[in-house]
Amino acid sequence: MSISVRGVTRQFGAFHAVDDVTVDVEPGELLALLGPSGSGKTTLLRLIAGLEIPDAGRILFDGDDATARSARERRVGFVFQHYALFRHMTVFENVAFGLRVKPRKDRPAEAEIRRRVSELLDLVHLGMMADRYPSQLSGGQRQRVALVRALAVQPRVLLLDEPFGALDARVRQDLRRSLRRLHDELAVTTVFVTHDQEEALELADRVVVMNAGRVEQIGTAQEVYDQPATAFVCSFLGDVNLFHSRVERGQAYLGGVPVQVPSTHAAGAGEVCVYVRPHALTVQATRDNDHQFRARVVHVNAAGPTVKLELLSEWGSPFRVEMPQDRYRALGLGLPAQRDVYVTPDPAGVFVHPA
Amino acid sequence: MDVTQTLDRAPAAPALVAAEAPLAKWALVGLALLFLGFFLFLPLVAIFAQAFESGPSAYWAAVADADSRSAFGLTLVAALVAVPINVIFGIAAAWAVARFDFPGKGFLVSLIDLPFAVSPVIAGLVFVLLFGMQGYFGPWLAERDIQIVFAVPGILLATLFVTVPFVARELIPLMQEQGSEEEQAAISLGAGGWQTFFRITIPNIRWGLLYGVVLLNARAIGEFGAVSVVSGHIRGETNTAPLHVEILYNEYNFAAAFAVASVLAIFALVTIAAKAGIELKTGMHGRTR
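In this text, all values refer to a predicted model and were calculated from it rather than measured experimentally. (Residues numbered from 1 in each chain as written. Chains lettered and ligands numbered in written order. Predicted model: local features only at pLDDT ≥ 70, side-chain atom pairs only at ≥ 80, totals over all residues. Heavy atoms only, no water.)

Visitor: Before we go on, may I ask you to explain the overall build of chain A in this structure?
Guide: Of the regular secondary structure elements, chain A holds 10 helices and 20 strands. Dimensions of chain A, computed from C-alpha atoms along their principal axes, come out at roughly 80 × 45 × 35 Å. A burial count over chain A gives 51% of its 355 residues as buried. Considering only residue pairs separated by 6 or more positions, chain A has 66% of its internal contacts joining residues 24 or more positions apart. When the accessible area of chain A is evaluated, it comes to approximately 16300 Å², of which 49% is carbon and sulfur surface. Side-chain charges in chain A split into 42 positive and 43 negative, and the spacing between the mean points of these groups amounts to 6 Å. (Helix = DSSP H or I, 4+ residues; strand = E, 2+ residues; numbered from the N terminus. Buried < 20%, exposed > 50% of the residue type's maximum accessible area, 1.4 Å probe, protein only. Contact = heavy atoms within 4.5 Å. Areas by Shrake-Rupley, 256 points an atom, 1.4 Å probe, with all protein chains shown as cover. Lys, Arg positive; Asp, Glu negative; His and termini not counted. Charge placed at Lys NZ, Arg CZ, Asp CG, Glu CD.)

Visitor: Just checking my understanding: could you explain the pattern of salt bridges for this structure?
Guide: When the charged atoms of two side chains with opposite charge come close together, those side chains can pair. Residue and element names in this part refer to chain A. Applying the stated rule across the entire model yields 33 salt bridges over all chains. One salt bridge in this structure joins arginine 206 and glutamate 29, with 2.4 Å as the shortest N-O distance. Here glutamate 29 lies in the loop between β2 (15-25) and β3 (30-34) and arginine 206 lies in strand β9 (residues 206-211), a separation of 177 residues in the sequence. (Salt bridge = Lys/Arg side-chain N within 4 Å of Asp/Glu carboxyl O.)

Visitor: Help me out: how do you make sense of the side chain of threonine 67 of chain A in this one?
Guide: In this fold, threonine 67 of chain A is placed in the loop between β5 (64-65) and α2 (71-74). Within the structure, the side chain of threonine 67 of chain A is placed 2.5 Å from the side chain of aspartate 65 of chain A, a separation counted as a polar contact. (Polar contact = N/O pair within 3.5 Å; in protein donor to acceptor, adjacent residues only side chain to side chain.)

Visitor: Would you explain the side chain of threonine 190 of chain A in this entry?
Guide: Structurally, threonine 190 of chain A is set in strand β8 (residues 189-194). Residues within four places of threonine 190 of chain A in sequence aside, it is in contact with Glu29, Leu30, Leu31, Leu158, Leu160 and His183 of chain A.

Visitor: Sorry if this is basic, but what is going on with the packing of helix α9 (residues 165-178) of chain B against helix α11 (residues 193-222) of chain B here?
Guide: In helix packing, the relevant descriptors are the interaxial angle and the interaxial distance, both defined with respect to the helix axes. Residue and element names in this part refer to chain B. Packing of α9 against α11 brings their axes to within 8 Å, and their N-to-C directions diverge by 160°. Compared by their axis directions, α9 and α11 come out roughly antiparallel. Relative to α11, α9 is oriented so that their crossing is right-handed. For the pair α9 and α11, the contacting residues are Phe166, Val167, Glu170, Leu171, Leu174, Met175 and Gln178 in the first and Thr201, Asn204, Ile205, Gly208, Leu209, Tyr211, Gly212, Val213, Leu215, Leu216 and Arg219 in the second. (Axes fitted to C-alpha atoms, helices over the stretch in contact; angles between N-to-C directions. Parallel < 35°, antiparallel > 145°, perpendicular 65-115°, else oblique. Left-handed = near helix turned anticlockwise from the far one by under 90°.)

Visitor: I'm lost on the nonpolar core in this one. Help?
Guide: Nonpolar side chains in soluble globular proteins tend to be buried together. Residues and elements named next belong to chain A. Counting residues in hydrophobic clusters, the biggest one holds 46 residues, and the most contacted among them are Val95, Val117, Leu121, Leu147, Leu158 and Val207. Other than its neighbours up to four places away in sequence, valine 117 contacts Phe92, Val95, Ala96 and Leu99. Membership of the second largest hydrophobic core comes to 40 residues, among which are Ile3, Leu51, Val76 and Val191. (Core = buried A, V, L, I, M, F, W, Y, C linked by side-chain atoms within 4.5 Å.)

Visitor: For this particular structure, what's the right way to read the sheet that holds strand β6 (residues 76-79) of chain A?
Guide: Residue and element names in this part refer to chain A. With mixed pairing, 6 strands are arranged side by side in an open sheet as β6-β7-β8-β3-β9-β10. Single-partner strands in this sheet number two, and they are β6 and β10 (214-220). Along the sheet, successive strands turn relative to each other by an average axial angle of 15°, direction set aside. Where β6 meets strand β7 (residues 157-161), 4 bridges bridge the pair, whose relative direction is parallel. In the strand pairing of β7, valine 76 is matched with valine 157. Running over the sheet, helix α1 (residues 41-49) touches β3, β6, β7, β8 and β9 and is turned about 150° from β7. (Pairing = 2+ DSSP bridges.)

Visitor: Would you mind going over the environment of glutamate 322 of chain A with me for this structure?
Guide: Residues and elements named next belong to chain A. With respect to the secondary-structure elements, glutamate 322 resides in strand β18 (residues 318-324). When the C-alpha positions of glutamate 322 and valine 191 are compared, they lie 33 Å apart, and in sequence the two are 131 residues distant. Leaving out residues up to four positions away in the same chain, glutamate 322 has contacts with Asp239, Pro278, His279, Thr306, Val307 and Lys308.

Visitor: Would you take a moment to explain the interface of chain B and chain A for this structure?
Guide: One widely used convention gives an interface's size as the accessible area the parts lose upon coming together. Between chain B and chain A, the contact holds 18 residues from the first and 21 residues from the second. In total, chain B and chain A occlude about 1800 Å² of area from one another, counting both sides; carbon and sulfur atoms represent 58% of this. Among the residues of chain B in contact with chain A, Glu182, Ser188 and Leu189 of chain B are the three that bury the most area, contributing 34% of the side total. At the boundary of chain B with chain A, the tally comes to 1 salt bridge. Summed over the shared surface of chain B and chain A, the number is 6 residue pairs in polar contact (both at pLDDT 80 or more). Those elements giving two or more residues to the side of chain B that touches chain A turn out to be α10 (181-188) and α11 of chain B. Ranked by residue count, the leading element in the side of chain B that touches chain A is α10 of chain B, at 7 residues. (Buried area = accessible area lost by both parts, 1.4 Å probe.)

Visitor: Looking at this model, I keep getting lost on the sheet that holds strand β12 (residues 251-254) of chain A. Mind explaining?
Guide: By way of backbone hydrogen bonds, the strands of a sheet pair with one another, either parallel or antiparallel. All names here are of chain A. Strand order in the open sheet formed by 5 strands is β13-β12-β11-β14-β20, and the pairing between neighbours is antiparallel. At either margin of the open sheet sits one strand with a lone partner, and together these are β13 (257-259) and β20 (350-354). Between one strand axis and the next, the sheet turns by 40° as a mean value, whatever way the strands run. In this structure, strand β11 (residues 241-248) lies alongside β12, joined through 2 bridges in antiparallel fashion. Along β12, the bridge assignment pairs valine 247 with alanine 252.

Visitor: Can you walk me through α1 of chain A in this structure?
Guide: Residues lying three or four places apart along an α-helix face the same way, a consequence of the helix completing one turn every 3.6 residues. All names here are of chain A. Buried residues dominate α1, accounting for 8 of its 9 residues. Inspection of α1 places Lys41, Thr43, Leu44, Leu45, Arg46, Leu47, Ile48 and Ala49 among the buried residues, and these make up the whole buried set. At the exit of α1 stands glycine 50, carrying a positive phi of roughly 90°.

Visitor: Sorry, what's going on with the packing of aromatic side chains here?
Guide: Two measures describe an aromatic ring pair: the distance that separates the ring centres and the angle between the ring planes. Taken as a whole and assessed by the stated rule, the structure comprises 20 aromatic pairs over all chains. Where phenylalanine 35 of chain B meets phenylalanine 39 of chain B, the ring centres are 4.7 Å apart and the plane angle is 35°; that geometry is what we call tilted. Within this pair, phenylalanine 35 of chain B and its partner phenylalanine 39 of chain B are both found in helix α2 (residues 12-51), separated by 4 residues, close to a single helical turn. Residue classification places phenylalanine 35 of chain B among the exposed positions, given a relative accessible area of 52%. Ring centres 5.1 Å apart and planes at 85° place the aromatic pair phenylalanine 116 of chain B and phenylalanine 166 of chain B in the edge-to-face group. Here phenylalanine 116 of chain B is found in helix α5 (residues 105-117), whereas its partner phenylalanine 166 of chain B is found in helix α9, with 50 residues between them in sequence. One residue, arginine 277 of chain A, lies across the ring of tyrosine 225 of chain A, its end atom 4.1 Å from the ring centre. Positioned over the ring face of tryptophan 95 of chain B is arginine 99 of chain B, at 5.8 Å from the centre of the ring. (Phe/Tyr/Trp six-rings, centres within 6.5 Å; stacked < 30°, edge-to-face > 60°. Lys NZ or Arg CZ within 6 Å of the ring centre and 35° of its normal.)

Visitor: So what exactly am I meant to see when it comes to a nonpolar patch on the surface here?
Guide: Residues Trp26, Val29, Leu33, Phe35, Leu36, Phe38, Phe39, Leu40 and Leu42 of chain B make up a contiguous nonpolar surface patch of roughly 1000 Å² in combined accessible area. Among the structural elements, leucine 36 of chain B can be located in helix α2. (Patch = residues over 30% accessible without salt bridge, like charges linked within 9 Å, V, L, I, M, F, W, Y side chains within 5 Å.)

Visitor: How should I be thinking about α5 of chain B in this particular structure?
Guide: All names here are of chain B. Relative to the 18 Å expected for 13 residues at 1.5 Å per residue, α5 spans 18 Å between its end C-alpha atoms, a close match to the ideal helical length. Along α5, the positions that sit buried rather than exposed are Lys105, Ile112 and Pro115. Where the residues of α5 are buried, they touch α4 (66-99), α8 (152-162) and α9. (Expected span 1.5 Å × (residues − 1).)

Here's what the structure looks like:
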């Protein structure tokens, strides 16, 4: 099913939690709402679910206006950040709840309920836990119960609020994979909220980057990472170094090195911010061309597959560089602290936005 | 080196406290037990001793006496009216306070506490002032031959008033702490309002609710001050059990007074047992009121 959010606004007092947001979710898509806390992503999810009522705008399900419909009528599966499992019910009864509260004419027979719930619990390897209470489960198990509880009523849309937020790193990795697998098997349109850019980029077909209640950019993981539309997207997705520069006669410089300026704001002259990904900077021990600037090594962290250098540019701004371990060794910097090196920016990792 | 020394020495301090503790502990426990024995246990024993002073048959005669039975009946009616009404009010008020923001919320919470804050005698006087012959609605009621004060309705009103806070007070913090996510989850799973209420809300608050009901019931049965003012003390008609105890006592009928009192004391013991049972069940140990 497709979801269409059209110019939706939700205010809490004077605070615009969601401000004129338009997003389209394709049928069967796995979409991430990504943003820092307070960016309105959870409110947007709750608006789609019908748990919040928009102050303006419309929400369409498959072209049908669902704005006035209650959460109950929308048939969405909602997985809460803290799972909201029914604490007084067993795992089995939690999952069966959605089937048991159906109007009598739609309610499956008890045997059918048992069969479906067992099937769902087996799907997430929780068949053995059917008689436990939520308080007897681990975080990861609770999350899976919440997931299949939402799926039990065969929702048209699956909405997840920070599905992995409260879990430790290893469990998170596992559950990410199982969510992707489940999504691919069931082909249910899925929207999830996250503040973790890595999670969004890894899991989602498309990412909606939000900030201060507004949509900054919508695109595939690759698009938002490689072509960030705004300064916010650029700095929120992945690490960046920030340099201040000026555009003059359609050209900006990083030290003495010319950097590409998008045609949209190349015409004017003025202050710009130059964002450079740490891995888009190449370090050499000697100067061998004019498109390099000089910098001094301040600190080296060589633990792990990626070596992280902290440097100070010749004009005094601190920045970071990351490179693979083997390239660092090939540099042969020896005892590198306080050494001068020469840095070349790779245009693919350089973004210029108005200051 | 300094750090290591500090760390080495650290456990010594609690050990010192522990060494001092037993004496202080037993002194405090002993003092508390002495106090409780003198002020609570001794009177309880005295009630039963006095009640049975003239033998079991006299005890039974006093308890089964027509006026006593009428007093117990009226007390029971008052509790039967006060409990359901204040349970419904308490749930509704707690729901409103815990789930919604509205102007005057703080005022409502303070107002719920009012019956705890004012003396029960004043609560009773308020109803006399409102519905008594010299009161605001007195003449209007008299014209229509409706009697509230010095009659059963007045007793019910006074009992209702003094027992308002129990359930709401118990449920407001509980429902605030639990939040509404489970209810939202139920609704998103297709449950209706009543289904959500009976399958999610009530089970989640059931122990707190029961605790509130036990306290509310105890107060409804034991209330003296407010009921005394509005009752008129008409034997066999507007006398509740606590008022009956007072009348018997004032008539120097000590054995009968203590016999009726012992029934109330037995009820109090049952209440305490029920309360302890609930506390055991829910881990609400050490909670006051």
